[in-house]
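# What the coordinates show
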Amino acid sequence: MTSKETRAITDLGTLKAFAHPLRVKLYRALYVARTATASQLADQVDEAVSLVSYHLRKLAEHGLIEEAERQGEDGRERWWRPASESLTVRHEDVKDAPEKLAAQGALTRILLEQRVDLYRRHLDESESWNDEWRSAGFESEYLPRLNASELAELQVELDTLIHKYQARGRAAEAAGDTQGRENVAIHLYGFPFRT
């Protein structure tokens, strides 16, 4: 069963294993689907099933995903699911080793590139969404003056708020309320900068 906890990635091996563009895509697709087979994920990422299976096994070796209960009639297919509710890589967990910091930097850049690609795709396809969805979407930039502890507090509050809506959506879907529900991406970055 998927753990409800956030998994902190702290070891170099897991950081390196996850810091691969296809593995990040596969993890995201699996996170959205909640359970899927290599064949289903291969269709989503437009890669060969054998390649996807290899990368799923690598994610599983590091405990990022796990086998899920088999669904459907074909007992030969392996079903996968995320092993935890979410993943995090915190600076305090990797700052003790330059190799960990480098792997975290590589992972962060892959995540950023893929998030930008996802948003670009949304912009390219925005006219395919109805007016209600186009009006509901948002893009904002805030430039508050904060100290480090206030920024950390803001992150915790935003995380709590988003988890509230995520739980509400999953509960509604579990109750059969699927009408009008779509996957929604929310990308937030909080970082200091100097002009």
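Parameters and conventions
Residues numbered from 1 in each chain as written. Predicted model: local features only at pLDDT ≥ 70, side-chain atom pairs only at ≥ 80, totals over all residues. Heavy atoms only, no water. Core = buried A, V, L, I, M, F, W, Y, C linked by side-chain atoms within 4.5 Å. Buried < 20%, exposed > 50% of the residue type's maximum accessible area, 1.4 Å probe, protein only. Helix = DSSP H or I, 4+ residues; strand = E, 2+ residues; numbered from the N terminus. Contact = heavy atoms within 4.5 Å. Expected span 1.5 Å × (residues − 1). Salt bridge = Lys/Arg side-chain N within 4 Å of Asp/Glu carboxyl O. Axes fitted to C-alpha atoms, helices over the stretch in contact; angles between N-to-C directions. Parallel < 35°, antiparallel > 145°, perpendicular 65-115°, else oblique. Pairing = 2+ DSSP bridges.

All right, on to the nonpolar core then. Phe-18, Leu-26, Leu-41, Val-52, Leu-56, Leu-59 and Ile-65 are the most contacted members of the largest nonpolar core, which totals 25 residues. Going through the elements one at a time, α1 (12–18), α2 (21–33), α3 (38–45), α4 (49–61) and α6 (98–125) are the ones with two or more residues in this core. Broken down by element, the residue count for this core peaks at 6 residues, all from α2. Ignoring any residue separated from it by four or fewer positions in sequence, one finds Leu-56 in contact with Leu-26, Ala-38, Leu-41, Ile-65 and Trp-80.

With that out of the way, let us pick up α6. Here α6 contains 28 residues, and its C-alpha end-to-end distance of 41 Å stays within 8% of the 40 Å for a straight helix at 1.5 Å per residue. Of all the positions in α6, only Lys-100, Ala-103, Gln-104, Gly-105, Leu-107, Ile-110, Leu-111 and Gln-114 are classed as buried. Considering only its buried residues, α6 is in contact with α1, α2 and α5 (91–94).

It is worth spelling out the pattern of salt bridges at this point. Under the defined criterion, the tally for this structure stands at 11 salt bridges. Salt-bridge contacts for Arg-81 lead to Glu-66; the nearest nitrogen and oxygen are separated by 2.8 Å. You can see Arg-81 sitting in strand β4 (residues 79–82) and its partner Glu-66 sitting in strand β3 (residues 65–68), a full 15 residues away along the chain. Judged by relative accessible area, Glu-66 falls into the partly exposed class, the value being 22%.

Before going further, it helps to spend a moment on the packing of α2 against α4. Interaxial distance between α2 and α4 falls to 10 Å at its minimum, and their mutual angle equals 80°. Taken together, the axis directions place α2 and α4 in an arrangement best described as roughly perpendicular. Touching Leu-22, Arg-23, Leu-26 and Tyr-27 of α2 are Leu-51, Val-52, Tyr-54, His-55, Leu-56, Lys-58 and Leu-59, all from α4.

Within the open sheet, the 3 strands sit side by side as β2-β4-β3. Their pairing is antiparallel. Edge strands, defined here as strands with exactly one partner in the open sheet, are β2 (36–37) and β3. Direction of pairing for β2 relative to β4: antiparallel, over a ladder of 2 bridges. The residue bridging Thr-37 from the neighbouring strand is Trp-79, located in β4.

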